[in-house]
Amino acid sequence: MNRHVKALLSGAVALAAAAGTALAAYPERPITMIVPFAAGGPTDTIARIVGEHMSKTLGQTVVIENVTGAGGTTGITRGAQAAPDGYTIMMGHMGTHGASPALYPNLKYDPTKDFTPIGLAAGTPIIIVTRKDFPAKDLKEFIAKMKAEGPKLNEGNAGVGSVSHTTCTLLTSQLGIKTARVTYKGTGPMINDLVGGQVDFGCDQIVSVAQQIKAGTIKALAIATPERSPALPDLPTTKEAGMPEYEVSAWNAVFGPKGLPADIAGKLNDALVKALDDEHTRKRILDLGGTIADKPGRSPAALQKLVESEVARWNPVLKGIAAQAVNPAGATSGATPPPAAAPAPAPAPAQK
Ligand code: ASP
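As a starting point, this report considers the structure included with it. Everything numeric here is computed off the predicted structure, so don't read it as measured data. Think of each chain on its own: its residues are numbered from 1, step by step along the sequence as written. For this predicted model, a pLDDT threshold of at least 70 governs which residues receive local features, and a threshold of 80 or more governs which side-chain atom pairs are given and counted, while totals over whole chains, interfaces and linings are taken from all residues. For side-chain calculations, the full set of non-hydrogen atoms in the structure is used, while hydrogens and water are omitted.

1. A few points about helix α10 (residues 262–277)
Line of reasoning, step 1. Elements are defined by DSSP. Helices are runs of H or I of four residues or more, strands are runs of E of two residues or more, and each kind is numbered from the N terminus. Here the expected span of a helix is defined as 1.5 Å times the quantity of residues minus one. Helix length check: α10, at 16 residues, gives a terminal C-alpha distance of 22 Å against a target of 22 Å (1.5 Å per residue), a fit within 8%.
Line of reasoning, step 2. The classification of residues rests on relative accessible area computed with a 1.4 Å probe and restricted to protein chains. Under 20% of the type maximum is buried, over 50% is exposed, and intermediate values are partly exposed. All buried positions along α10 are accounted for by Ile 264, Ala 265, Leu 268, Asn 269, Ala 271, Leu 272, Val 273, Ala 275 and Leu 276.

Quick look at the structure:
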């Protein structure tokens, strides 16, 4: 072995040893959790709640970075392209990791292949909400108003492929109408405008609307789950309120970029699982109407399965809706397109 090769080999051994130490010591500095929507919305809220407890377990701060745009796909693209060293992770959801592939032909990531799944953070039922003075006292009156005036009504959402956009797309397609769509960087600012009366309605994840509904600053018409939520026991389900075909639910989950070393991914999953076992953290999520998966449902393998099933369930639904020729004038043409079938229900995280 010549001198040159020997030097190279000892360099490689030193590098490997350093890498081993780095893994053993992980994390040695703060971890960035990318939230692909604005502050104050459900993704941000869930990230801050679980991130706070994960910081305690990991011994390093989990710093939330809001990277918004393109229905959440801008932040998730950034996260997918980050170094797989455990210092950049992200909070995705049913939109970024389920609906988006059907809506963005040039999406720069594949939700089923380009991530290291860490675990499911919360299940989030969908609620149809309006400004508090919207002239409809229940879902039936709302539907009548939508059919009569859809294109004039302002629907707030968090951008193409977001949960609010996807679930309101399903709603309006089932009603055979179009609305005036107003895009926000997340449903935090959207709900602020709903409180202010600048938009008429939206479809959002329960965790960002439960408190406003209780405070009476916005109006809720129905929850799109088979059962009522313990957080809002007076709110009827869509089935009870007269639109049984509209059943849809979402979720938020933690991902790392593809190729995260197994021990780092394991530490992150362990911190997430501990957060979801912590009484205070659980209470904060449950009080907002979120649901918490049982232990097997929090595993990386369960999340990978969920992502694969979500991409498979939303793809035909969204492509089918896009293919429908919906007359923007809606009811005025008299031609109502066939209603979109609701996607098969997502595996609901058990509340344990
Ligand atoms: N709920 C949002 C959505 O519609 C995003 C957010 O978390 O702000 O996808």
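We are not done yet, so read on.
2. Side note on the packing of α10 against helix α11 (residues 279–287)
Line of reasoning, step 1. Here an angle of 0 to 180 degrees is reported between the N-to-C directions of two axes, which are lines fitted to C-alpha atoms, with helices fitted over the stretch in contact. Closest axis-to-axis distance for the α10/α11 pair is 5 Å, and the angle between their directions is 75°. If you check the angle between α10 and α11, you find them roughly perpendicular. Of α11, the residues touching α10 (which contributes Ala 275, Leu 276 and Asp 277) are Glu 279, Thr 281, Arg 282 and Ile 285. To sort the angles, those under 35 degrees are grouped as roughly parallel, those over 145 as roughly antiparallel, those from 65 to 115 as roughly perpendicular, and the leftovers as oblique. When checking whether two residues touch, look at their non-hydrogen atoms; a contact exists if any pair is within 4.5 Å.

3. Some thoughts on the state of the cysteines
Line of reasoning, step 1. Disulfide: a pair of cysteine sulfur atoms within 2.5 Å of each other. A complete count under the given rule lists one disulfide for this structure.
Line of reasoning, step 2. Put simply, Cys 168 and Cys 203 are joined by a disulfide, and their sulfur atoms are 2.0 Å apart. On the sign convention where negative is left-handed, the bridge of Cys 168 and Cys 203, at about 90° about the S-S bond, is right-handed. Residue Cys 168 is found in helix α6 (residues 163–175), and its partner Cys 203 is found in strand β7 (residues 201–205); the two are separated by 35 residues along the sequence. Residue Cys 168 shares its accessibility class with Cys 203, and that shared class is buried.

4. Examining empty space enclosed by the protein
With a probe scaled to a water molecule rolled over the atoms, the places where space remains empty come into view.
Line of reasoning, step 1. Throughout, the protein atoms alone are placed on a 1 Å grid, and a set of points is a cavity if a 1.4 Å probe fits but cannot get out or a pocket if it is open with protein on both sides within 12 Å along at least five of seven lines; lining residues have an atom within 4 Å of a point. Grid points are joined across faces, edges and corners, and a volume is the space filled by probe spheres set on the points. The tally for this structure, following the rule as stated, stands at one cavity of 30 Å³ or more.
Line of reasoning, step 2. Approximately 80 Å³ is the volume attributed to the largest cavity.
Line of reasoning, step 3. As for the largest cavity, its lining consists of 15 residues, of which Phe 37, His 93, Ala 158, Thr 187 and Gln 205 are closest to the centre.
Line of reasoning, step 4. Contributing elements (two or more residues each) for the lining of the largest cavity: α2 (42–58), α6, α7 (187–196) and β7.
Line of reasoning, step 5. Here the lining of the largest cavity is built from residues that sort into five nonpolar, nine polar and one charged. Amino acids are sorted into nonpolar (Ala, Val, Leu, Ile, Met, Phe, Trp, Tyr, Cys and Pro), charged (Asp, Glu, Lys and Arg) and polar (every other residue, Gly among them).

5. A few points about α6
Line of reasoning, step 1. For α6, with 13 residues, the first-to-last C-alpha span of 18 Å sits near the 18 Å given by 1.5 Å per residue.
Line of reasoning, step 2. With respect to burial, α6 is a largely interior element, 13 of its 13 residues being buried.
Line of reasoning, step 3. Backbone geometry just downstream of α6 places Gly 176 in the positive-phi region, at approximately 70°.

6. Things to note about the packing of aromatic side chains
Line of reasoning, step 1. Two aromatic rings from Phe, Tyr or Trp, using only the six-membered ring of Trp, form a pair when their centres are within 6.5 Å; if the ring planes differ by under 30 degrees the pair is stacked, by over 60 it is edge-to-face, and anything between is tilted. Within this structure, the stated rule accounts for five aromatic pairs.
Line of reasoning, step 2. Summarising the aromatic geometry, the rings of Phe 115 and Phe 255 are spaced 5.7 Å apart at their centres and angled 65° between planes, so their arrangement reads as edge-to-face. Here Phe 115, found in strand β4 (residues 115–131), pairs with Phe 255, found in strand β9 (residues 249–257); they are 140 residues apart in sequence, far enough to count as distant. Accessibility assignment for this pair places Phe 115 and Phe 255 in one class, buried.
Line of reasoning, step 3. Each ring, one from Phe 134 and one from Phe 142, has its centre 5.7 Å from the other, and the planes form 55°; the classification is tilted.
Line of reasoning, step 4. Given a relative accessible area of 2%, Phe 134 falls into the buried group.
Line of reasoning, step 5. Take Phe 142: its relative accessible area is 0%, and that puts it in the buried class.
Line of reasoning, step 6. Taken together through their ring pairs, the aromatic side chains of Tyr 109, Phe 115 and Phe 255 make up a single cluster.
Line of reasoning, step 7. A positively charged side chain is recorded as over a ring if its NZ (Lys) or CZ (Arg) lies within 6 Å of the ring centre. The angle to the ring normal must also be within 35 degrees. The ring of Tyr 87 carries the charged tip of Arg 29 above its face, separated from the ring centre by 3.8 Å.

7. Details of the pairing of strand β8 (residues 218–223)
Line of reasoning, step 1. Most of β8 sits inside the fold, with six of its six residues counted as buried.
Line of reasoning, step 2. Only when DSSP finds a minimum of two bridges between them are two strands counted as paired. Sheet topology places β4 next to β8; five bridges connect them, and they run antiparallel. When the bridges of β8 are listed, Val 129 appears paired with Ala 220.

That is the geometry; function is a separate question.
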